[in-house]
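In case you want the letters, here they are:
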Amino acid sequence: MGNTYKIAIIPGDGTGPEVVREGIKVLNASAKKHGFKLDMTEFDYGGDRYLKTGEVLPETAADDLKKFNAIYLGAIGHPDVKPGILEKGILLKLRFELDQYINLRPVKLYPGVETPLKNKGPQDIDYVVVRENTGGIYTGIGGISMKGTQNEVAIQSMVYNRFQVERCLRYAFELTRKRNKNNTLALVGKTNVLTFVYDLWERAFHEIGKADYPDIKREYYHVDATCMWMVKNPEWFDVLVTGNLFGDIITDLGAITQGGMGIAAGGNINPEGVSMFEPIGGSAPKYTGKNVINPLAAICSGAMMLDTLGETTASDEIEQAVMEITANKMKSLDAGKMGYSTSEIGDMVAERVA
Ligand code: IPM
Ligand code: MN
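Quick caveat: nothing in here was measured; it's all calculated off a predicted structure.

1. Topic: the overall build of the protein chain
Okay, so step 1: Assigned secondary structure in the protein chain consists of 11 helices and 12 strands.
Okay, so step 2: What you see for the protein chain is a C-alpha radius of gyration of 20 Å, in line with the 20 Å of a compact globule of 354 residues.
Okay, so step 3: Its C-alpha atoms put the protein chain at 55 × 50 × 45 Å along the principal axes.
Okay, so step 4: Within the protein chain, the proportion of its 354 residues that are buried is 53%.

Right under this line is the structure:
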């Protein structure tokens, strides 16, 4: 008998529930085939719950979620709620409270998928961004004083300590080794201007690399230049590691080079605790309830979840099934232009996996 995994499901807002439904379909097909069990419990966190109850997240949410093996999330963000409330109050709060200090975002162009990059194919676009996920300017202290006056001051500081930087770098080195592709880890920073924060990152990077990962080649790129090379020479990259804000920005660029938000998967990882998997696109209110949104990003996030749980064969099979479908079936990855509905795509992946 295979393992039983307790999975918390947070469908969330907008198209989140639609894509999560297809992800669950695929996960269950895979579980059945491989003989493991997924014991799922749904949580209603999101905009609708907030509008109804006035509460963004229950006090006990993080503690409740700690009892699970993993969390599978759709999307957070509601058109009737002021930007920031749900994003900070649910998504970021869970990342921080569950200490999911890695945001793992593969940038991989699947066969048959159109990329806006000229003359680039699947052999050129295949790298992973390791984004630090619990620190930096996202959690740094700040505030506004004399608000609304000509003397108004706003401060939001980028704060990192050695511990946060080091655990993120070590994760990235380990991943680079495990991936065993080019054995090259590139630090993305801004040492020419952020001469304190990225100086810390750079020193830690070389110290740790020299001492414990002599087999891994180290490179450094400024973040602005990284954006250029991600467009012009994505084949240079194997694993990139960077702070929270830069990681947020460059992974949207990465996502569009792999075909857009319909395919971009991610995981908020706590290597010693509970991780949370989510498609990196938002709640897409425009497409909600129409059965036209692309569920592949959610399905691929589900595959990442299985990988983290140790079900690596099951995870690889889902990715293979997705690749077959992008190569042979889908006209486009964009909502409404796929040639299939949301649920038909889910069915196709589930059938292949089964
Ligand atoms: C992401 C999102 C979030 C972030 C927002 C919604 C808070 O953009 O997951 O990339 O900035 O991390
Ligand atoms: Mn983002």
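2. With respect to the sheet that holds strand E11 (residues 265-269)
Okay, so step 1: Taking strand neighbours across the sheet as the criterion, the 10 strands line up as E2-E1-E3-E12-E11-E4-E5-E10-E8-E9 in an open arrangement whose pairing is mixed. Every interior strand has two partners, whereas the edge strands, strand E2 (37-42) and strand E9 (217-222), have only one. Strand-to-strand twist of the sheet, defined as the mean angle between neighbouring strand axes without regard to direction, takes the value 25°.
Okay, so step 2: Inspection of the sheet shows strand E8 (residues 184-189) paired to E9 by 6 bridges, in the parallel sense. Counted as the bridge partner of Gly189 is His222 from E9.

3. Overview of the packing of helix H10 (residues 312-328) against helix H11 (residues 342-353)
Okay, so step 1: In contact at an axis separation of 9 Å, H10 and H11 are set at 125° when each is read in the N-to-C sense. Taken together, the axis directions place H10 and H11 in an arrangement best described as oblique. Between H10 and H11 lies a crossing whose hand is right-handed. Here H10 contributes Glu317, Ile318, Ala321, Val322, Glu324 and Ile325 to the contact with H11, which in turn contributes Met348, Val349, Arg352 and Val353.
Okay, so step 2: Its residues assigned to classes, the contact of H10 with H11 comprises 7 nonpolar, no polar and 3 charged.

4. With respect to the pattern of salt bridges
Okay, so step 1: Scanning the model with the defined rule gives 24 salt bridges in all.
Okay, so step 2: With its nearest N and O atoms 2.8 Å apart, the salt bridge here joins Glu55 to Arg49.
Okay, so step 3: A residue is classified by how much of its surface remains accessible, and Glu55, at 32% relative accessible area, is partly exposed.
Okay, so step 4: Notably, a salt bridge pairs Glu235 with Lys120, separated by 3.1 Å at the nearest N-O pair. Placement of the pair is Glu235 in the loop between helix H7 (223-232) and strand E10 (239-242) and Lys120 in the loop between strand E4 (102-108) and strand E5 (126-132), with a sequence separation of 115 residues.
Okay, so step 5: Taken together, the shared-partner salt bridges in this structure form one network comprising Arg162, Glu166, Arg170, Glu207 and Asp212.

Here is what the cut-offs are and how they apply
Residues numbered from 1 in each chain as written. Chains lettered and ligands numbered in written order. Predicted model: local features only at pLDDT ≥ 70, side-chain atom pairs only at ≥ 80, totals over all residues. Heavy atoms only, no water. Helix = DSSP H or I, 4+ residues; strand = E, 2+ residues; numbered from the N terminus. Rg over C-alpha atoms; globule rule 2.2 N^0.38 Å. Buried < 20%, exposed > 50% of the residue type's maximum accessible area, 1.4 Å probe, protein only. Pairing = 2+ DSSP bridges. Axes fitted to C-alpha atoms, helices over the stretch in contact; angles between N-to-C directions. Parallel < 35°, antiparallel > 145°, perpendicular 65-115°, else oblique. Left-handed = near helix turned anticlockwise from the far one by under 90°. Contact = heavy atoms within 4.5 Å. Nonpolar A, V, L, I, M, F, W, Y, C, P; charged D, E, K, R; others polar. Salt bridge = Lys/Arg side-chain N within 4 Å of Asp/Glu carboxyl O.

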